[in-house]
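# Survey of secondary and tertiary structure
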Amino acid sequence: MLFDFNLNSTLLLIPFLQGLIYGILFFLRWFRFGDIKDLFLGTFIFLGSFFLCPWMLGFAGWYDTHPYKDILLYVPFQNLFLFGPIVFFYTKNLFYTGMKSRLKYYLHYVPGICYIIYSLYLFLYDKFIYGDYYYYADGTDKDFDEWYQYTGFLSMGIYLIKATRLYLGYSKLIVQLVSFADAILHKWIRYFLFAFLSMIIIKLVFLVITSLHPELDSYIGNWWFYIFISFILFYISIVGFSNHENVSLVYKRAYYIKGLENPKNVTFIQNNRNIGISNETKPKKGYIKEHKEKIIKVMEEESPYLDPGLTLYKFSKMIDINTSDLSRAINQGFDMNFNDFINKYRVIAVKTRFLEGRTDNMTLLGIAYDCGFNSKTTFNRAFKKNTDMTPRQFLKENTKKG
């Protein structure tokens, strides 16, 4: 097989092969565990790898040699219309459990499928009807037509906005439902969406540069764009694959959050009713004050915050208050969300143990775990937020005073 191993082709060949390997690994994990998110991310990595092909194979000599030239011209290596939907549904499946396939979901892939059909039509017409290059008489790959590049990247931008809104909505909601929000905030998806945004920004930067300096709009000049894209794909492959365990943990906790015995037919964030926030009854006048007093009493007497897996649903059952009323009471009565409210009590418990001298026979993290925290990061962040000091700074300050 023809492949000219020069600097330009080889530097793109490496991330291309790496992408194929990781794509296969994602697919194998999907076959083994049935996690649809692996299918989406594996497909994204595959699309990204093939996105590099025209420049990689072009520098390898394929555009100048038959029959390799026909492969490059007629195969839609850059299916830009598929990137956006895959990113969106990958994000959605991180936050939804038990999603069922629906016709409206498949409609998102119609533009990408239409482009494949369009490419197939060009091939069939040129090769079997016209018998020569008709649509490709100018020798230009249709993947790089301006209309396609502009609409393709516009599509990517629109789906990025949709995925970001989904993530922000999840982040805003989860702190109202659980006391361990930091553990399931999906920091990975934030990095993933930023990486996807970087791909779009790099494209815009290159468009601006080449419009100001047309001489840079060349095959060699655009090679740098694909090098930057390959770095982003490398990052997504490595970090995305290593984040599988965190995602699985979220699935387990999603079922736990709802407090339902059979989680198969419900979703994590599909509607407020399934999560546990319902509007079954109209709140009575003055209920905030009444519920606030009841909440304080239970917190001080029963210490539910010591449970690291405490959820709004679980807490509502404990104090016999509708989850919707409980959420409002905490937000309006204490001016904070459920996650911060519970962690505030945990921080108070930690400070109490610090002042009692428990650090003589226990580590700081050990005390934090005893007080309901489930990770060092969450503990440090909550402690800093409530005291404006790190745990060690607090100990140092209070040791001086003593």
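Residues numbered from 1 in each chain as written. Predicted model: local features only at pLDDT ≥ 70, side-chain atom pairs only at ≥ 80, totals over all residues. Heavy atoms only, no water.

Right, let's get into the packing of aromatic side chains. Within the structure shown, the criterion is met by 55 aromatic pairs. On the numbers, 5.2 Å between centres and 25 degrees between planes, the contact of F27 with F46 is stacked. In this pair, F27 is assigned in helix α1 (residues 7–33) and F46 in helix α2 (residues 36–51), connecting sequence segments 19 residues apart. According to the relative accessible area criterion, F46 is buried, its value standing at 18%. Where F88 meets F89, the ring centres are 5.1 Å apart and the plane angle is 70 degrees; that geometry is what we call edge-to-face. The two residues F88 and F89 agree in class, both being buried. When the ring centre of Y136 is taken as reference, the NZ or CZ atom of K142 above it lies at 5.3 Å. (Phe/Tyr/Trp six-rings, centres within 6.5 Å; stacked < 30°, edge-to-face > 60°. Helix = DSSP H or I, 4+ residues; strand = E, 2+ residues; numbered from the N terminus. Buried < 20%, exposed > 50% of the residue type's maximum accessible area, 1.4 Å probe, protein only. Lys NZ or Arg CZ within 6 Å of the ring centre and 35° of its normal.)

Mean pLDDT for the chain: 85, with 87% of residues reaching 70 or above. Counted against residues more than four places away or in other chains, residues 245–282, with its pLDDT under 50, gives 80 contacts. (pLDDT = per-residue confidence, 0-100. Contact = heavy atoms within 4.5 Å.)

Once that is clear, we can look at helix α13 (residues 287–302). Its 16 residues give α13 an end-to-end C-alpha distance of 22 Å, which sits within 8% of 22 Å, the value for a rise of 1.5 Å per residue. For α13, the full list of buried residues reads Y287, I288, H291, I295, V298 and M299. All buried residues of α13 fall inside an arc of 100 degrees around its axis, so they share one side. For α13, exposure combined with an orientation more than 90 degrees from the buried face picks out K289, E290, E293, E300 and E301. Summarising the contacts, the buried residues of α13 are in contact with α14 (312–319), α15 (323–333) and α16 (338–355). Looking at the residues trailing α13, positive phi occurs at S303, about 50 degrees. (Expected span 1.5 Å × (residues − 1). Arc of directions from axis to C-beta.)

Turning our attention to the packing of α13 against α14. It is at 11 Å that the axes of α13 and α14 come closest, and there the two elements cross at 95 degrees. By the criterion of interaxial angle, the relationship of α13 to α14 is roughly perpendicular. On α14, the residues that touch K294, I295, V298, M299 and E302 of α13 are F315, M318 and I319. Partitioning the contact of α13 with α14 into residue classes produces six nonpolar, no polar and two charged. (Axes fitted to C-alpha atoms, helices over the stretch in contact; angles between N-to-C directions. Parallel < 35°, antiparallel > 145°, perpendicular 65-115°, else oblique. Nonpolar A, V, L, I, M, F, W, Y, C, P; charged D, E, K, R; others polar.)

Moving on, we come to α14. Among all positions of α14, only L312, F315, S316 and I319 are buried. For α14, the arc enclosing every buried residue in end-on projection is 100 degrees, short of the 170-degree limit, so these residues lie on one face. Buried residues along α14 sit in contact with α13, α15 and α16.

Before going further, it helps to spend a moment on the pattern of salt bridges. Taken as a whole and assessed by the stated rule, the structure comprises eight salt bridges. Ionic pairing is found between K314 and D307, a salt bridge with its closest N-O pair at 2.8 Å. Taking the relative accessible area as the measure of exposure, D307 reaches 23% and is therefore partly exposed. Taking the shortest distance from any N to any O, the salt bridge between D325 and R328 comes out at 3.2 Å. Of this pair, D325 and R328 both sit in helix α15, three residues apart, which is roughly one turn of the helix. For D325, a relative accessible area of 8% gives the class buried. (Salt bridge = Lys/Arg side-chain N within 4 Å of Asp/Glu carboxyl O.)

Moving on to the packing of α2 against helix α10 (residues 219–242). One way to put it is that α2 packs onto α10 with a least axis distance of 10 Å and a crossing angle of 160 degrees. Between α2 and α10, the crossing angle belongs to the class labelled roughly antiparallel. The element α2 and its partner α10 pack so that their crossing is left-handed. In contact with L41, F44, I45, G48, S49 and F51 of α2, α10 contributes F225, Y226, I229, L233, I236, S237 and G240. Class assignment of the residues belonging to the contact of α2 with α10 gives a composition of nine nonpolar, four polar and no charged. (Left-handed = near helix turned anticlockwise from the far one by under 90°.)

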